[in-house]
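Architecture at a glance
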Amino acid sequence: MDNPTKKILLASPRGYCAGVDRAVVTVEKALELYGPPVYVRKEIVHNKYVVQDLQGRGAIFVDELDEVPEGSTVVFSAHGVAPSVHVEAAERYLKAIDATCPLVTKVHAEVKRFANEGFQILLVGHNDHEEVVGTAGEAPDVITVVQDANEAATVEVADSSKLIWLSQTTLSVDEAMATVDVLKSRFPNLLSPPSDDICYATQNRQLAVKAMAEQCDVVIVVGSVNSSNSVRLVEVALDAGAKNSYRVDDASELQEEWFTATSTVGVTSGASVPEQLVEEVLAWLAARGYGSVEVVKTAEETLIFSLPPELRRDIKAAQQAKA
Ligand code: SF4
């Protein structure tokens, strides 16, 4: 039975962003069109349920292209790849479909442009994240990754008069700006990106959590541990005043002791999380008296990305052949 003192604040927007949706649909359509197996380099998006579901339909996930038999179809993940990966795919006669999120591609384009203009680039992001590896691969000689304010305080540059910072798309806005502030104080001529690199979906999910965190005894973030934007949502919730915050892959990881002296529970999910996993968390909480759900909506999202052009072309050809 519902307990009138117990309620849920449900963040909106949450879950799938346009880039994740496009990447998942890309693999689904590729399986439909070419038939299994379709190889996928790296996790298509950072969520283990999405990966397991696609594996069940015939996708094979690999770390590197040398695991893909010559002539096969391979999809590149939403996080993007370095140019060397495209070269390797061509050398191995692979049919490559690039599901890199267009917002990541935009950062790659900025890297190419500023590297060509002779800039040194400080890339604010996490060294081991696939997106950063791919972005840095566009111009490895002129990019230095700066992970946090501490690294910003010590990073060395060759020529501070031609210097720009760019960033990973899924950082916490506040943390990124703290790092950039240190860089700016050390390098007054440091240029900022021509447009914001931290993507709309990351920002929207963080803003929704900020709007409700102060009212929450605990904020539950649904998302996998390797999902950068999910991990950031826990940090944002705590910084914005939530008493506690935990990340879970799914409802089975929720622990009774987190809710012993709790009346208001916030719930949100990272950009790679299917809504079904959130619904299961809500059902788990409802069974413990948290039946009242209030949506905290801070933005409307309508962005949709079209499928990769190479896939659209093949879908069209298949439709024409059938007609
Ligand atoms: Fe693209 Fe942003 Fe989604 Fe990453 S989080 S896939 S950058 S829309």
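In this report, the structure presented in the accompanying data block is examined. Remember, predicted model here, so these are calculated numbers, not experimental data.

Now for unusual backbone geometry. The step from Ser12 to Pro13 runs through a cis peptide bond, and the omega angle for that step is 5 degrees. For the peptide bond that leads from Pro36 to Pro37, omega is 0 degrees, which places it in the cis range. Mapped onto the elements, Pro37 comes out in the loop between helix H1 (18-34) and strand E2 (38-41). With a phi close to 70 degrees, Lys42 is a non-glycine residue in the positive phi region. Position of Lys42 relative to the elements: it lies in the loop between E2 and helix H2 (48-56). Look at Lys42 and you get buried, because its relative accessible area is 17%. If you check the backbone angles, Tyr93 has positive phi at about 55 degrees while not being a glycine. Summarising the element assignment, Tyr93 is placed in the loop between helix H3 (83-91) and strand E5 (95-98). For Tyr93, a relative accessible area of 61% puts it in the exposed group.

Attention now moves to the site of the ligand. Cys17, Gly19, Val20, Cys101, Leu103, Thr169, Thr170, Cys199 and Tyr200 make up every residue found near the ligand. One can see that the ligand is located within the largest cavity. Residue composition of the shell around the ligand, grouped by class: six nonpolar, three polar and no charged.

Across the interface, H1 lies against helix H11 (residues 309-322) with an axial gap of 11 Å and an inter-helix angle of 35 degrees. In the crossing of H1 with H11, the sense of the turn from one axis to the other is left-handed. Residue-level contacts link Thr26, Lys29, Ala30, Leu33 and Tyr34 of H1 to Glu310, Leu311, Asp314, Ile315 and Ala318 of H11. Residues that form the contact of H1 with H11 fall into these classes: six nonpolar, one polar and three charged.

Our next topic: the sheet that holds strand E11 (residues 264-269). Here five strands make up an open sheet; going across it, the order is E10-E9-E11-E1-E12 and the pairing parallel. Sheet topology places strand E10 (244-248) and strand E12 (292-297) at the edges, where each strand pairs with a single neighbour. Neighbour to neighbour, the strand axes of the sheet diverge by 25 degrees on average, direction disregarded. Summarising the sheet, strand E1 (residues 7-12) and E12 pair through six bridges and their orientation is parallel. Paired with Ser12 across the strands is Lys297, a residue of E12. Of the strands in this sheet, strand E9 (218-222), E10 and E11 touch helix H9 (residues 228-239), which is tilted by about 170 degrees from E10. Sheet strands in contact with helix H10 (residues 275-286) are E1, E9 and E11, and its direction is about 165 degrees off that of E11.

The computed volume of the largest pocket comes to approximately 310 Å³. Considering the residues around the largest pocket, the lining is formed by 20 residues, among which Tyr16, Cys17, Ala18, Arg205 and Glu301 are closest to the centre. Residue assignment for the lining of the largest pocket shows that the elements contributing at least two residues are H1 and helix H8 (200-213). A total of four residues in the lining of the largest pocket trace back to one element, the largest contributor, which is H1. Class assignment for the residues of the lining of the largest pocket results in 11 nonpolar, two polar and seven charged. Here the second largest pocket defines a volume of roughly 160 Å³. Elements supplying a minimum of two residues to the lining of the second largest pocket: H3 and helix H4 (102-116). Ranked by residue count, the leading element in the lining of the second largest pocket is H4, at four residues. Along the lines of polarity and charge, the residues of the lining of the second largest pocket split into three nonpolar, five polar and three charged.

What follows is about the pattern of salt bridges. In the structure shown here, the tally under the stated rule is 19 salt bridges. Linking Arg14 and Glu275 is a salt bridge whose minimum nitrogen-to-oxygen distance equals 2.7 Å. Taken together, the residues Arg14 in the loop between E1 and H1 and Glu275 in helix H10 connect sequence positions 261 residues apart. Using a relative accessible area of 30% as the deciding quantity, one classes Glu275 as partly exposed. We note a salt bridge from Glu256 to Arg288, for which the minimum N-O separation is 2.9 Å. Linking Glu256 in the loop between E10 and E11 with Arg288 in the loop between H10 and E12, this pair joins segments that are 32 residues apart in sequence. You can call Arg288 partly exposed: its relative accessible area is 29%. Each of Arg41, Lys42, Asp63 and Glu64 takes part in salt bridges that share partners, so that together they form one network.

Criteria and thresholds
Residues numbered from 1 in each chain as written. Predicted model: local features only at pLDDT ≥ 70, side-chain atom pairs only at ≥ 80, totals over all residues. Heavy atoms only, no water. Helix = DSSP H or I, 4+ residues; strand = E, 2+ residues; numbered from the N terminus. Buried < 20%, exposed > 50% of the residue type's maximum accessible area, 1.4 Å probe, protein only. Near = heavy atom within 4 Å. 1 Å grid on protein atoms, 1.4 Å probe; cavity = no way out; pocket = protein on both sides within 12 Å on 5 of 7 lines; lining within 4 Å. Sits in = over half its atoms within 2 Å of the grid points. Nonpolar A, V, L, I, M, F, W, Y, C, P; charged D, E, K, R; others polar. Axes fitted to C-alpha atoms, helices over the stretch in contact; angles between N-to-C directions. Left-handed = near helix turned anticlockwise from the far one by under 90°. Contact = heavy atoms within 4.5 Å. Pairing = 2+ DSSP bridges. Points joined across faces, edges and corners; volume = space filled by probe spheres on them. Salt bridge = Lys/Arg side-chain N within 4 Å of Asp/Glu carboxyl O.

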